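Chain by chain, the residues run as shown.
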Amino acid sequence: MSINRVILTGRIGKEVELRYTQSGKAVASFNLAVNDSFDKEKTHWISCIVWGKSAENCAQYLGKGSMAGVDGRITTRNYENQDGKKVYVTEVVADRVEFLDSKKTSQSSPPPRQEQADDWSDIGSQIDIGDDIPF
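Residues numbered from 1 in each chain as written. Predicted model: local features only at pLDDT ≥ 70, side-chain atom pairs only at ≥ 80, totals over all residues. Heavy atoms only, no water.

**Observations regarding the nonpolar core**
The biggest cluster of nonpolar side chains holds 21 residues, and the ones touching the most others in it are Val16, Phe30, Leu32, Val50, Leu62 and Val97. Among the secondary structure elements, those contributing two or more residues to this core are β1 (6-12), β3 (26-35), β4 (43-51), α1 (53-61), β5 (67-80) and β6 (86-99). Per-element tally for this core: the top contributor is β3, with 5 residues. (Core = buried A, V, L, I, M, F, W, Y, C linked by side-chain atoms within 4.5 Å. Buried < 20%, exposed > 50% of the residue type's maximum accessible area, 1.4 Å probe, protein only. Helix = DSSP H or I, 4+ residues; strand = E, 2+ residues; numbered from the N terminus.)

Shown next, in the form of structure tokens:
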């Protein structure tokens, strides 16, 4: 048995890029800046993609510097570039994106929350775990 699941929280590095496939399905891509939990000076830039209505929501409500939570899976793909070299890409395909703040603070309506029935995202606000975790 194997599990491919990733949960990230970080800031959007540049504006979300929204595109549409030939069949009209929305796809958005962005880079998420995630700090290393052991080396606070190190930042990892994680490429993320999201599909469908969630992609359109991300493009509308997330911008450079926005805080977001991503729940998804790691994928790899490859292609040949213009020089004929094989390029390998590793990225996170987001099943869910949580908007932790908004790029458009002047909007009258808050961004929609991306939720599922088993949403545990608010558990941290209910339980104070502190910094003394032994593992």
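**Overview of the environment of Gly13**
Within the secondary structure, Gly13 sits in the loop between β1 and β2 (17-20). Sequence-wise, Gly13 and Ala33 are 20 residues apart; in three dimensions their C-alpha atoms are separated by 6.2 Å. When near neighbours in sequence (up to four residues on either side) are disregarded, Gly13 contacts Asn31, Trp45 and Lys64. (Contact = heavy atoms within 4.5 Å.)

**A closer look at the packing of aromatic side chains**
For the structure shown, the criterion picks out 1 aromatic pair. A ring pair is formed by Tyr61 and Phe99, whose centres lie 6.2 Å apart and whose planes are at 50°; its orientation type is tilted. Taken together, the residues Tyr61 in helix α1 and Phe99 in strand β6 connect sequence positions 38 residues apart. Of the two residues, Tyr61 and Phe99, neither departs from the other in class, the shared state being buried. (Phe/Tyr/Trp six-rings, centres within 6.5 Å; stacked < 30°, edge-to-face > 60°.)

**Describing the pairing of β6**
Pairing between β4 and β6: 2 bridges, direction parallel. Bridged to Ile49 within β6 is Val93. Across 13 bridges, β5 lies against β6 in antiparallel orientation. Within the sheet, the bridge partner assigned to Arg77 lies in β6 and is Val89. Between β5 and β6, which pair antiparallel and follow one another directly, the connecting turn spans 5 residues, one of which, Gly84, has a positive phi of 85°. (Pairing = 2+ DSSP bridges.)

**Considering the pairing of β1**
Pairing of β1 with β5 involves 6 bridges; the strand directions are antiparallel. Each residue of the ladder has a partner; that of Leu8, found in β5, is Val70. Direction of pairing for β1 relative to β3: antiparallel, over a ladder of 2 bridges. Bridge assignment links Arg11 to a residue of β3, and that residue is Ala33.

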